[in-house]
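For reference, the chains in residue letters:
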Amino acid sequence: MSDAINSQVEHREARRLDVAPHVALPARILISLALLAGFAHVALGQAQGSFGIGVGTVRYAGGTKVSTASFSPAWTFDSRNASLSCAGTFASVPLGVWSSQGRTDVWLSTAPALGGLRLGLQGTAAGTARTDGDWTAATHGVAEVLWAGRTWGVGIGAGPSAGWIANTSSVAALHTRARAWWQAGTLSYNVSLEPTRFLGAWFTDAIASVTANRRAVVTSLWGTARISSTYGSKAAGGVLVRVFAVVRLALELGAGSYLADPYQGLPRGGYLTAGLRLFTARRAAPPVASPPTWPPLIPERRGDSVVARFRMEGASSVAIAGDWDGWQVRPLSSLGGDIWEGALALRAGTYHFNLLVDGKEWVVPGGVATVTDDGGGMEGVLLVP
């Protein structure tokens, strides 16, 4: 089966060897998007920036290998009905040339109506720009109908795609998409099927990814299969591991491969990268599975204090710590029969707490309402009426 897409790429861009493992963006577009993202941060207060430095190796089909050093700014904004992300990479390439690369995605939707149905609109701009004058660009737009719940969603839509290479050629295509996403505990899944009418023939990209968002480690896996009787079929995939050494600093390790980009004339290849990324704000706490609906702990009133009582089977010591006094650890008294009790001088209000069992294990007693703390752990809820 012929591989016409790769042939198109090689013909349109035979002299380019600066592909990075991400679709890219010219420098002027990147600056404009960064300003837009900054406005979103000021106006809405829900954005996060980051800056990474790293090294990597890219190996192209045919055996050509390029090593590079790079730095990469990024900015994201997310809400229920809108999201904006832009990211760029400025990397060294052979012969003293630097390449600016990046991508932006904007997604907007209406508020849910008619049982959860929404209308959505997504736009993507991408490209590369080199200090020796070469550049490429691509744009994609999709209008879609969505049906989404709190932890899942499906959508179907279509829109135009286009690509340009300086002084060479331009192409246009019809891009369609059906996708679904869902979340199960700390795991997030995405799948999509994207048939595209390109230069008089069809190819279909089937894409799947899963992200595990743990307390200190975020791992993403993805795979793509391009299927076409005309252009030939290929597959690619990769992994990105982000380890948070501290709250706002992560070690990033990535490896994998990517398919040819027919819009920008970029050939397929593989990559291996390592770097550090600094974030401007604390990352969101990892998602947790929805627990049963339990009431908060309501302690017994005793004079000017309240008395909290817990059952901890087999415990030799139990202490309590809460946000009412800066999380100071205070021992509880044993009443026998695995019952432990403590008197607390608390005014009316809602508080958060944890129990320290045997001096080494933090737990929340069963049957008590919980919330997620900033580090992704759980805290019990105590209500003083």
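Visitor: Please give an account of the packing of aromatic side chains that cites residues and values.
Guide: Applying the stated criterion across every chain yields a total of 13 aromatic pairs. Ring plane angle 80° and centroid distance 5.7 Å describe the contact between Phe198 and Tyr263, whose orientation is recorded as edge-to-face. Here Phe198, found in strand S9 (residues 187-198), pairs with Tyr263, found in the loop between strand S13 (249-258) and strand S14 (269-279); they are 65 residues apart in sequence, far enough to count as distant. Considered together, Phe198 and Tyr263 belong to a single accessibility category, that of buried residues. Look at Phe203 and Tyr231: their rings are 6.2 Å apart centre to centre, the planes differ by 70°, and that puts the pair in the edge-to-face class. You can see Phe203 sitting in strand S10 (residues 201-213) and its partner Tyr231 sitting in the loop between strand S11 (217-227) and strand S12 (234-246), a full 28 residues away along the chain.

Visitor: Give a description of the pairing of strand S6 (residues 135-148) that names residues and reports values.
Guide: Pairing geometry for strand S5 (residues 117-130) and S6, over 13 bridges, is antiparallel. Residue pairing in the sheet places Thr124 in a bridge with His140 of S6. The turn linking S5 back onto S6 is made up of four residues, and Gly133 within it adopts a positive phi angle of 105°. Pairing between S6 and strand S7 (residues 152-165): eleven bridges, direction antiparallel. Residue Ala137 lies in a different strand from S7, and its bridge partner there is Trp164.

Visitor: An account of the sheet that holds strand S20 (residues 339-344) is needed here, citing residue identities and associated values.
Guide: The strands making up a sheet associate through backbone hydrogen bonding, with each pair oriented either parallel or antiparallel. Taken in spatial order, the four strands make up an open sheet running S15-S16-S20-S19, and their pairing is antiparallel. Among the strands making up the open sheet, the edge pair consists of strand S15 (300-302) and strand S19 (333-336). This sheet shows a mean twist of 35° between the axes of neighbouring strands, independent of strand direction. Pairing between S19 and S20: three bridges, direction antiparallel. If you follow Gly336 over to S20, its bridge partner there is Ile339.

Rules and cut-offs
Residues numbered from 1 in each chain as written. Predicted model: local features only at pLDDT ≥ 70, side-chain atom pairs only at ≥ 80, totals over all residues. Heavy atoms only, no water. Phe/Tyr/Trp six-rings, centres within 6.5 Å; stacked < 30°, edge-to-face > 60°. Helix = DSSP H or I, 4+ residues; strand = E, 2+ residues; numbered from the N terminus. Buried < 20%, exposed > 50% of the residue type's maximum accessible area, 1.4 Å probe, protein only. Pairing = 2+ DSSP bridges. Axes fitted to C-alpha atoms, helices over the stretch in contact; angles between N-to-C directions.

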